[in-house]
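Coordinates in review
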Amino acid sequence: MTMARAVIFLVVSGLIMAAGVVLLVVRVNSGLVDSSIGSRSAGARLGENAATPEGIDDISRGAAGATITASVRTATARSVASRTVAPSPTPNVTPVALGKPIELNGSRYTVYRIVDPEPPGTFTTTAGNRRVALEISQEALAANIPYNFANFRLRDADGKEYTWAITNTSPKFETGTLRPGESKRGWISFQLPVGVAAESLVVQVFGQSKGAAIVSLR
């Protein structure tokens, strides 16, 4: 390239750059380009500089931000409220004997028999403990009622409660929902230390502060 051609190339490049700058200034002044875009994050965020999809004007952007903020505050308030609501009191019931039905929380429960210890099976018992298995049924009285083996505890004479263990006996009392008049019958098991006697079967549904003893096992 000769010196003359180089000079011409530089002049043309300068004119093109100048034209670009002028065009950009015109677009900013006319509102076609948001002059604050350089200070914004590439990701969406809350605040007056929230990133918004192309084509949304400043008014709709502010409304969207307010809506998101209100939704977050509402969800937070509900979460706090759910943690601070006092649990419902435990129903006052008198435990019944084996084979006798008892009504509680819209269900009718019956414990038919207890096997102590439960015979060995697929699932082993830790050293120093044994399994206790109970055959129970739950019937929904007037509404759809959930049933769940995890709602049951065994309570000993000192008031200590023992949660469920995977049962080796079939059919198992599992989980689901009962329609009015439907019932579920099956086995649940617990692991207790050797020498500790089961005093009662306890039911504790979600939201109750303490379980209610429904069946005396002594």
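Only a predicted model underlies this, so the values are computations on that prediction, with no experimental measurement involved. Residue positions within a chain follow its written sequence, with the count starting from 1. Restriction of local features to residues with pLDDT of at least 70 applies here, the model being predicted, together with a cutoff of 80 or more for giving and counting side-chain atom pairs; totals for whole chains, interfaces and linings are based on all residues. To get the side-chain values, take all heavy atoms of the structure and skip hydrogens and water.

**Topic: the sheet that holds strand β1 (residues 102-104)**
The pairing criterion is simple: DSSP has to find at least two bridges between the two strands. The secondary structure listing takes helices from DSSP runs of H or I that are at least 4 residues long and strands from runs of E that are at least 2 residues long, numbered from the N terminus. Read across the sheet, five strands follow the order β1-β2-β3-β9-β7 without closing on themselves; strand pairing throughout is antiparallel. Two strands bound the open sheet, and with one partner strand each, they are β1 and β7 (164-165). Both strand β2 (residues 107-115) and strand β3 (residues 129-140) contribute to a ladder of eight bridges, which runs antiparallel. For Arg113, the partnering residue across the bridge sits in β3 and is Glu135.

**Considering the confidence of the model for the protein chain**
On a range of 0 to 100, pLDDT expresses the predictor's confidence in each residue. On average, residues of the protein chain score 75 in pLDDT, and 60% of them reach the 70 mark or higher. Across residues 32-61, where pLDDT falls below 50, the model places 21 contacts with residues more than four positions away in sequence or in other chains. In this model residues 63-86 is a low-confidence stretch, pLDDT under 50, and it forms two contacts with partners more than four residues away in sequence or in other chains. Any pair of residues with heavy atoms lying within 4.5 Å of one another is described as a contacting pair.

**Digging into the sheet that holds strand β6 (residues 161-162)**
Across the sheet, four strands lie side by side as β6-β5-β10-β11; this open sheet has antiparallel pairing. The strands lining the two open edges of the sheet, one partner per strand, are β6 and β11 (212-216). Where strand β5 (residues 152-156) meets strand β10 (residues 198-203), five bridges bridge the pair, whose relative direction is antiparallel. Residue Asp156 lies in a different strand from β10, and its bridge partner there is Ala198.

**Focus: the nonpolar core**
Ranked by size, the top nonpolar core spans 26 residues in total, and within it Leu134, Phe152, Leu154 and Leu201 carry the most contacts. Looking at this core, the elements that each hand over two or more residues are β1, β2, β3, β4 (145-148), β5, β9 (183-193), β10 and β11. It is β3 that contributes the most residues to this core, four residues altogether. Here, nonpolar core refers to any group of buried Ala, Val, Leu, Ile, Met, Phe, Trp, Tyr and Cys residues whose side-chain atoms link them within 4.5 Å. Buried, partly exposed and exposed residues are distinguished by accessible area as a fraction of the type maximum, computed with a 1.4 Å probe on protein chains only: under 20%, between the cut-offs, and over 50%, respectively.

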